[in-house]
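Structural description and commentary
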Amino acid sequence: METPLTRDAGIRVPLICGAMYPCSNPELVAAVSEAGAIGIVQPIALTYVHGHEFRAGLRLIKSVTAKPFGMNALIEDSSSIYRRRMEQWIAVALEEGVRFFVTSLGNPGWVVRMVEPVGGIVYHDVTERKWAEKGAAAGAKGFIAVNRRAGGHAGPRDAAALLAELSPFGLPVVAAGGVGTAEEFRAMLDLGYVGVQCGTRFIATSECLVSEHYKRAILAADEEDIVLSERITGVPVAVIRTPKVVRMGLHAGPFARWMFRGRRRKRWLRMWYALRSIRSLKLASLDPKGGDEYWQAGKSVAGITSIEPAGEIVRAFARAL
Ligand SMILES: Cc1cc2nc3c(=O)[nH]c(=O)nc-3n(C[C@H](O)[C@H](O)[C@H](O)COP(=O)(O)O)c2cc1C
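Residues numbered from 1 in each chain as written. Predicted model: local features only at pLDDT ≥ 70, side-chain atom pairs only at ≥ 80, totals over all residues. Heavy atoms only, no water.

A closer look at helix 8 (residues 159-166)
Our working rule: Type-normalised accessible area, obtained with a 1.4 Å probe on protein chains alone, sets the label of each residue: buried when under 20%, exposed when over 50%, and partly exposed for intermediate values. Think of it this way: any DSSP run of H or I at least four residues long counts as a helix, any run of E at least two long counts as a strand, and we number them from the N terminus. For this quantity, the arc is that covered by the directions from the helix axis to the C-beta atoms. We define a polar contact as two N or O atoms separated by no more than 3.5 Å, with the added condition that, inside protein, one atom must be a possible hydrogen donor and the other a possible acceptor, whereas residues neighbouring each other in sequence contribute only through side-chain atom pairs.
For helix 8, every residue scored as buried is listed here: Ala159, Leu162, Leu163, Glu165 and Leu166. Buried residues of helix 8 fall within an arc of 160° about the axis and therefore sit on the same side. N-capping of helix 8 is provided by Asp158, with a side-chain oxygen placed 3.1 Å from the backbone N of Ala160.

Dropping the structure here:
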């Protein structure tokens, strides 16, 4: 099936394995791409969580597959050190042949300016019209429409409403959120999306290196077990309601809420949260004993009933086309 996404990304199946901190390891990215969809590298997961030097990690993927894979750039402008590091990673990715980039948060203009001259394409994650306006003005070539059922930072809209809101821009729109089965994949394409970005479905795979406890928690969870918590990053993130999540509560404390009210304070708090969550999410998802039950997942858990090779999932979805 050909769609603007398959053409832009150079793939066969209009399916993206979205970037996931900390779950995107190179073996998972490679398996998805090799099967005909596209895996997206999450640079901090690749380096800090899975321990690869950035270029070596990309080359590991290339040793498994000659097919295209992409890279995620979280571009929220929190510090100039981070921005410089992201620029270096993008430059290396371009040298290694990556041409498909997914940006999230912030203004993707500088990423577009870096990648377009060498034929790179940027799709920008959006949750509502105001972010799409920014992304389109900055030169994004497509949107990834993150709906209210998504894992990670879910948006406020359902899939149909979000597509209606984004269609007037005339750019390709990929659905993200709530797709765990081949039928749900097909339904998004029937709605008018040009493809689907899945996250949670690809955590429950044999290639994903998170703990078995995390994967089994996804299989066991139902839609109502997914709650939004502000406790880890300061903004709502979809997590499985485990005893630990219940104990911690879902809302940021009064101090954090006060900090978020001032512009300067907000910047510092964001940075503090980011550093803290980078460490704690890594520990929680890899811990082989599964003791630290802080696991991100979206409402697509409802349809996910088995741990499978990532390539099998891509093939099963492709059969639904
Ligand atoms: C554990 C987890 C981590 C994520 N981390 C990122 C990230 O680092 N960058 C990003 O752009 N999106 C991130 N996402 C969002 C996914 O790329 C994707 O859009 C989302 O998972 C789609 O919803 P689904 O989980 O219902 O399939 C994450 C999602 C999950 C579940």
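Describing the sheet that holds strand 3 (residues 70-74)
Condition: Pairing between two strands requires that DSSP report at least two bridges joining them. As a rule, the C-alpha atoms of each element are fitted with a line to give its axis, helices using only the stretch in contact, and angles between N-to-C directions run from 0 to 180 degrees. Residue contacts follow a heavy-atom distance rule, with two residues in contact if any of their heavy atoms lie within 4.5 Å.
Read once around its circumference, the closed barrel built from eight strands follows the order 1-2-3-4-5-6-7-8, with strand pairing classed as parallel. On average, each strand axis in the sheet is tilted by 25° relative to the strand beside it, whichever way the strands run. Two strands pair when backbone bridges link them, and strand 4 (residues 100-104) and strand 5 (residues 121-126) are joined in this way by four bridges, in the parallel orientation. In the sheet register, Phe100 faces strand 5, and the bridge partner there is Ile121. Packed on one face of the sheet, helix 5 (residues 80-95) meets strand 3 and strand 4 and runs near 170° to strand 3.

Some points on the site of the ligand
Filter applied, for reference: Here a residue is near a molecule or strand as soon as one of its heavy atoms is found within 4 Å of it. Reported accessibility uses the Shrake-Rupley method at a 1.4 Å probe radius. Residues are deemed covered only where the shown protein chains occlude them. The residue classification treats Ala, Val, Leu, Ile, Met, Phe, Trp, Tyr, Cys and Pro as nonpolar and Asp, Glu, Lys and Arg as charged. All others, Gly included, are polar.
Near the ligand there are 25 residues, and of these Ala19, Ser104, Gln197, Gly199 and Thr200 occur at the shortest range. Contact distances for the ligand include 2.9 Å between an oxygen atom and a side-chain N or O atom of Gln42. For the ligand, whose free accessible area comes to 590 Å², the fraction covered by protein is 94%. Among the elements of the structure, strand 3, strand 8 (195-198) and helix 10 (200-203) are those that each provide at least two residues to the shell around the ligand. The residue inventory of the shell around the ligand, partitioned by class, reads ten nonpolar, 13 polar and two charged.

A look at the domain arrangement of the protein
Keep this limit in mind: For the domain bounds, the source is a domain assignment made automatically or taken from a database. Throughout, buried area stands for the accessible area (probe radius 1.4 Å) lost by two parts on being put together, summed over both. By salt bridge we mean one thing: a side-chain nitrogen of Lys or Arg within 4 Å of a carboxyl oxygen of Asp or Glu.
On domain assignment, one finds that the protein holds domain 1 (4-210 + 303-319) and domain 2 (217-299). For domain 1 versus domain 2, the distance between C-alpha centres works out to 22 Å. Residue-level contacts link 25 residues of domain 1 with 23 residues of domain 2. The junction of domain 1 with domain 2 conceals about 2,000 Å² of combined surface from both sides, 61% of it contributed by carbon and sulfur atoms. If you sort the residues of domain 1 by the area they bury against domain 2, Tyr21, Tyr48 and Arg149 come out on top, with a joint share of 25%. In this structure, the salt-bridge partner of Arg149 is Glu223, at a minimum N-O distance of 2.8 Å.

What to know about the packing of helix 2 (residues 26-34) against helix 15 (residues 310-319)
Here is the rule: Oblique is the label for any angle not under 35 degrees, not over 145, and not in the 65 to 115 range, which are roughly parallel, roughly antiparallel and roughly perpendicular in turn. We call a crossing left-handed when the near helix sits turned anticlockwise from the far one by less than a right angle, and right-handed when that turn is clockwise.
The geometry of helix 2 relative to helix 15 is characterised by a closest axis approach of 8 Å and an angle of 30° between their N-to-C directions. The angle between helix 2 and helix 15 places the two elements in the roughly parallel class. Here the hand of the crossing between helix 2 and helix 15 comes out right-handed. Only Ala310, Gly311 and Val314 of helix 15 make contact with helix 2, whose side of the interface consists of Leu28, Ala31 and Val32. Counted by class, the contact of helix 2 with helix 15 contains five nonpolar, one polar and no charged residues.

Remarks on the packing of helix 2 against helix 4 (residues 54-64)
Here helix 2 crosses helix 4 at 35°, and the two axes come no closer than 9 Å. Where helix 2 crosses over helix 4, the two elements pack in a sense that is right-handed. On helix 4, the residues touching Pro26, Glu27, Val29, Ala30 and Glu34 of helix 2 are Gly57, Leu60, Ile61 and Val64. For the contact of helix 2 with helix 4, a count of residues per class yields six nonpolar, one polar and two charged.

A word on the pattern of salt bridges
What the rule picks out here adds up to 16 salt bridges. As a salt-bridge pair, Arg7 and Glu2 come within 2.8 Å of each other at their nearest N and O atoms. In terms of burial, Arg7 and Glu2 fall into one category: exposed.

Re the nonpolar core
Rules: To form a nonpolar core, buried Ala, Val, Leu, Ile, Met, Phe, Trp, Tyr and Cys residues must be joined to one another through side-chain atoms within 4.5 Å.
Counting residues in each nonpolar core, the largest one holds 48 residues, and the members touching the most others are Leu15, Tyr193, Phe202 and Ile218. Each of domain 1 (4-210 + 303-319) and domain 2 (217-299) accounts for three or more of the residues forming this core. Ignoring any residue separated from it by four or fewer positions in sequence, one finds Tyr193 in contact with Ala145, Ala159, Leu162, Leu163, Val173, Val174, Ala175 and Met188.

Some remarks on the environment of Ala30
Relative to the assigned elements, Ala30 resides in helix 2. Taking the C-alpha atoms as reference points, Ala30 and Gly135, 105 residues apart in sequence, are found 28 Å from one another. In contact with Ala30, other than residues within four places in its own chain, are Ile61, Val64 and Thr65.

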